[in-house]
Amino acid sequence: MNPSPANYSRITGTGSHLPPGRVSNADLAARLAADGIETSDAWIVERTGIKARHFADAGAQTSDLAVHAARHALEAAGCRPEQIDLLIVATSTPDMIFPSTACIVQRKLGMHGGAAFDVQAVCTGFVYALAMADSMIRTGLATRALVIGAEVFSRILDFKDRTTCVLFGDGAGAVVLEASDTPGVLASELHADGRHVGILCVPGQVAGGQVTGDPFLRMDGQAVFKLAVGVLDSVSRSVLAKAGRTADSVRWLVPHQANIRIMQSAARKLGLPADRVVVTVDEQGNTSAASIPLALDTAVRGGRIARGDSVLLQGVGGGFTWGAVLLDF
Ligand code: ACO
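In short, a report on the structure. (Residues numbered from 1 in each chain as written. Predicted model: local features only at pLDDT ≥ 70, side-chain atom pairs only at ≥ 80, totals over all residues. Heavy atoms only, no water.)

Details of the overall build of the protein
- Broken down by element type, the protein carries 10 helices and 15 strands.
- Along the first, second and third principal axes, the C-alpha set of the protein runs to 60 × 50 × 40 Å.
- Buried positions account for 56% of the 329 residues belonging to the protein.
- At a minimum sequence separation of 6, the contacts of the protein that also span at least 24 residues come to 78%.
- Total accessible area on the protein stands at roughly 13400 Å², and carbon and sulfur atoms take up 53% of it.
- Side chains of the protein carry 29 positive and 31 negative charges; the gap between the two charge centres is 3 Å. (Helix = DSSP H or I, 4+ residues; strand = E, 2+ residues; numbered from the N terminus. Buried < 20%, exposed > 50% of the residue type's maximum accessible area, 1.4 Å probe, protein only. Contact = heavy atoms within 4.5 Å. Areas by Shrake-Rupley, 256 points an atom, 1.4 Å probe, with all protein chains shown as cover. Lys, Arg positive; Asp, Glu negative; His and termini not counted. Charge placed at Lys NZ, Arg CZ, Asp CG, Glu CD.)

What about the side chain of Q314?
- In this fold, Q314 is placed in strand β14 (residues 310-317).
- Separated by 2.7 Å, the side chains of Q314 and S236 make a polar contact.
- The residues contacting Q314, other than those within four sequence positions of it, are V127, L232, S236, L253, V254, P255, H256, A266, L270, I292 and G323. (Polar contact = N/O pair within 3.5 Å; in protein donor to acceptor, adjacent residues only side chain to side chain.)

Quick notes on the nonpolar core
- With 48 residues, the main nonpolar core has F159, V166, L312, V316 and F320 as its most contacted residues.
- Those elements giving two or more residues to this core turn out to be α1 (25-33), α7 (221-242), α8 (260-270), β14 and β15 (321-328).
- If one sorts the elements of this core by residue count, α7 sits on top with eight residues.
- Each residue touching F159, except ones within four places of it in the same chain, is listed here: L28, R31, L32, I37, F55, S154 and C165. (Core = buried A, V, L, I, M, F, W, Y, C linked by side-chain atoms within 4.5 Å.)

Focus on the site of the ligand
- Taken together, 24 residues form the shell around the ligand, and within it T39, R47, Q222, H256 and N259 come nearest.
- One of the side-chain nitrogen or oxygen atoms of H256 is found 2.8 Å away from an oxygen atom of the ligand.
- Across the complex, the protein chains shield 74% of the 1000 Å² of accessible surface that the ligand would expose by itself.
- With four residues, α7 is the largest single contributor of residues to the shell around the ligand.
- Of the residues contributing to the shell around the ligand, the split by class is 11 nonpolar, nine polar and four charged.
- Each of domain 1 (8-180) and domain 2 (185-328) contributes no fewer than three residues to the shell around the ligand. (Near = heavy atom within 4 Å. Nonpolar A, V, L, I, M, F, W, Y, C, P; charged D, E, K, R; others polar. Domains from an automatic or database assignment.)

Some points on the environment of G315
- Locating G315 in the fold gives a position in strand β14.
- G315 sits 57 residues away from A258 along the chain, and the two C-alpha atoms are 9.3 Å apart.
- Here G315 is in contact with T124, V127, L232, H256, I292, T321, W322 and G323, once residues within four sequence places are set aside.

What to know about the packing of helix α3 (residues 62-77) against helix α4 (residues 101-108)
- The interhelical angle for the contact between α3 and α4, taken along N-to-C directions, is 55 degrees, at an axis separation of 9 Å. With respect to α4, the axis of α3 lies oblique. Between α3 and α4 the crossing geometry is right-handed. Residues T62, S63, D64, A66, V67 and R71 of α3 form the contact with α4, whose own contacting residues are T101, I104, V105 and K108. (Axes fitted to C-alpha atoms, helices over the stretch in contact; angles between N-to-C directions. Parallel < 35°, antiparallel > 145°, perpendicular 65-115°, else oblique. Left-handed = near helix turned anticlockwise from the far one by under 90°.)

Quick notes on a nonpolar patch on the surface
- A cluster of nonpolar side chains, I97, F98, V206 and V211, forms an exposed patch at the surface whose accessible area comes to about 480 Å².
- As for its position among the elements, I97 is in the loop between β4 (86-90) and α4.
- Taking relative accessible area as the criterion, I97 reaches 69% and is therefore assigned exposed. (Patch = residues over 30% accessible without salt bridge, like charges linked within 9 Å, V, L, I, M, F, W, Y side chains within 5 Å. Salt bridge = Lys/Arg side-chain N within 4 Å of Asp/Glu carboxyl O.)

Quick look at unusual backbone geometry
- The omega angle of the peptide bond from P183 to G184 is 0 degrees, so this bond is cis rather than trans.
- Topologically, G184 is positioned in the loop between β7 (170-180) and β8 (185-192).
- G319 connects to F320 through a cis peptide bond whose omega is -5 degrees.
- With respect to the helices and strands, F320 occurs in the loop between β14 and β15.
- The phi torsion at V122 lies on the positive side, around 50 degrees, for a residue other than glycine.
- Inspection of the secondary structure puts V122 in the loop between β5 (115-119) and α5 (125-138).
- Phi is positive for S288, close to 50 degrees, though the residue is something other than glycine.
- Within the element layout of this structure, S288 appears in the loop between α9 (281-284) and α10 (291-301).

Shown next as structure tokens:
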């Protein structure tokens, strides 16, 4: 029999992990220069706000980063792995084509029996995964979920393409989400528009024992920028309206860490001052599905986000996908 439906789900612990290899803009510029490609710290900082990112060693997989983040989140929640009955990993850089990275993480954490699956919504993946876990808890399909965003985007970057390779990094973030009588997640909204598949994609595939087509990330940066700013504003207003709240009640905006200019623009449109926006893109780059839980955990452990604070999570990415979750922490 399914567990009883719950009134709410609530985050009871957060965790994150960055691989040790920090690569500053100067380090990256030197690496690209060896191939005759020019970039600079000044260009990257001015256009994106990024000063550094972390790249995983060749031996580290997405599941390895995810397991570190998960252990921190479980510890913060005071929860043992065997108490988890739902494990969702949001990733676009899975360890294998199949099985899911969630099943690999499950095995590495010594768990078995609960549901485990991956969500593929690129940079919106964590928002999708969190909204799904919340729904599953509220309908009684699960009681205690581990929701992870984890990526090794460095593996799909073309280091001969300076317009994309300077933007991304590797990392993982996780939350434990539990059935609760008190809120919790207040409102969520998820969207996609497949007409824009081509503006942000890795078009290659594996067939006949080989990678066919292009296995690297490709992006029309200006098209992404324009779409992102509009959809983030509309979805944020929509979740606030669903919860009967206004933008000025939001204590913390935790946006997908794509680019400081997109984040500032989203905050400005909502009328939120810069000091209520959690920013980690400067030190972490864009870690795709990992960026929101990484930023959330950084702000929680840094003493900024406290119990009871109203938090708005905003995701946007390839697909084109976008979504938001409003919660009381
Ligand atoms: N270093 C130096 N010069 C560069 C670099 C670089 N790394 N990359 C591009 N340039 C050059 C270009 O070649 C171009 O030179 P030209 O004028 O001689 O042709 C010039 O800089 C301007 O290039 P644009 O592409 O027009 O630069 P733009 O101002 O649009 O900035 C950027 C590019 C930062 C990608 C911007 O379009 C953007 O922020 N887009 C949003 C997309 C984004 O953030 N994506 C992240 C992933 S998607 C997501 O997470 C939702």
